[in-house]
Amino acid sequence: MSANDPFACLPQAASFTVTSTTVTDGAAWPPEQHSSGLPGGKDTSPQLSWSGAPDGTKSYAVTVYDPDAPTGSGFWHWAVADIPVTVTELPEGAGDDTSSQIPEGAYQLPNDARVARYIGAAPPAGHGPHRYFVVVHALDIPSTGVPVDATPAVLGFTMAGHTLGRAVLTATAETPA
């Protein structure tokens, strides 16, 4: 695991609270949140609830990012843009390929596997533990204007100047050698 801080080069933002019935901050992902390519993995997105967003919040985005992936640029597992400000929860499994549990007006962007859905943790065998930053971004705009086929990195670039707050939960995963 590297010391890579995915927020080091981003503007400061207030913090608020994100919780999950699926995973505890700092704990390992349950098997369901691992890639379907691993034993027990189901590519099931976590349940998320958030509260205490800063005044002026007009929408949210949710991202799941592994900065420890051996790519030189990490690995984006999930990105949901344009979540209405009235929504403060995503159910477990919302990141499936149907998007039927994604709130109206919001959409999933293609992740680094180029599929518009959640893809579970799958660190290379023997690579050591990886961190997965699950982040709810509180934005000062109702819509990012990011195209539905854009990458999560484009979403992140677009959000940088509009982020009022970040609620962060970190999960871990490791695949034994």
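Source: prediction; values computed, not measured.

**Q** Is there a simple way to think about the overall build of the protein in this case?
**A** From N to C terminus, the protein includes one helix and nine strands. Here the C-alpha radius of gyration of the protein, 15 Å, is about what a compact globule of 177 residues would show, namely 16 Å. Within the protein, the proportion of its 177 residues that are buried is 49%. Nonlocal contacts in the protein, meaning residues at least 24 apart in sequence, comprise 73% of its contacts between residues at least 6 apart. With 6 positive and 17 negative side-chain charges, the protein shows a separation of 3 Å between the mean positions of the two kinds.

**Q** Please clarify how the nonpolar core should be interpreted in this entry.
**A** It is characteristic of soluble globular proteins that their nonpolar side chains tend to be buried jointly. In this structure, W29, W50, V62, W78, I83 and V136 are the most contacted members of the largest nonpolar core, which totals 27 residues. Elements represented by at least two residues in this core include exactly β3 (48–51), β4 (59–66), β5 (75–84), β8 (130–139) and β9 (163–173). In this structure, W29 is in contact with V23, H34, P46, V64, Y118, A121, Y132, V134, A171, T172 and A173, ignoring residues within four places of it in sequence. Counting residues in hydrophobic clusters, the runner-up holds eleven residues, among them A81, Y107, A150 and L155.

**Q** How do you make sense of the side chain of R166 when you look at a structure like this?
**A** Its location among the elements puts R166 in strand β9. Buried within the structure, R166 lacks any salt-bridge partner; its nearest side chain of opposite charge belongs to D5, at an N-O separation of 8.3 Å. Each residue touching R166, except ones within four places of it in the same chain, is listed here: F7, L10, P11, Q12, A13, A14, S15, F16, V135, V136 and H137.

**Q** Looking at this model, I keep getting lost on the sheet that holds strand β6 (residues 89–90). Mind explaining?
**A** The pairing of strands in a sheet happens through backbone hydrogen bonds and is either parallel or antiparallel. One open sheet accounts for three strands, arranged β2-β3-β6; its pairing is antiparallel. The open sheet is flanked by β2 (17–19) and β6, the only strands paired with a single partner. Sheet analysis places β3 next to β6, joined by two bridges and oriented antiparallel. Note that in β6 the partner of S49 across the bridge is E89.

**Q** Help me understand the pattern of salt bridges in this model?
**A** By the definition in use, this model includes one salt bridge. D68 is the salt-bridge partner of R131, the closest N and O atoms lying 2.8 Å from each other. Here R131 is found in strand β8, whereas its partner D68 is found in the loop between β4 and β5, with 63 residues between them in sequence. With relative accessibility at 6%, the residue D68 sits in the buried group.

The rules behind the values
- Residues numbered from 1 in each chain as written.
- Predicted model: local features only at pLDDT ≥ 70, side-chain atom pairs only at ≥ 80, totals over all residues.
- Heavy atoms only, no water.
- Helix = DSSP H or I, 4+ residues; strand = E, 2+ residues; numbered from the N terminus.
- Rg over C-alpha atoms; globule rule 2.2 N^0.38 Å.
- Buried < 20%, exposed > 50% of the residue type's maximum accessible area, 1.4 Å probe, protein only.
- Contact = heavy atoms within 4.5 Å.
- Lys, Arg positive; Asp, Glu negative; His and termini not counted.
- Charge placed at Lys NZ, Arg CZ, Asp CG, Glu CD.
- Core = buried A, V, L, I, M, F, W, Y, C linked by side-chain atoms within 4.5 Å.
- Salt bridge = Lys/Arg side-chain N within 4 Å of Asp/Glu carboxyl O.
- Pairing = 2+ DSSP bridges.

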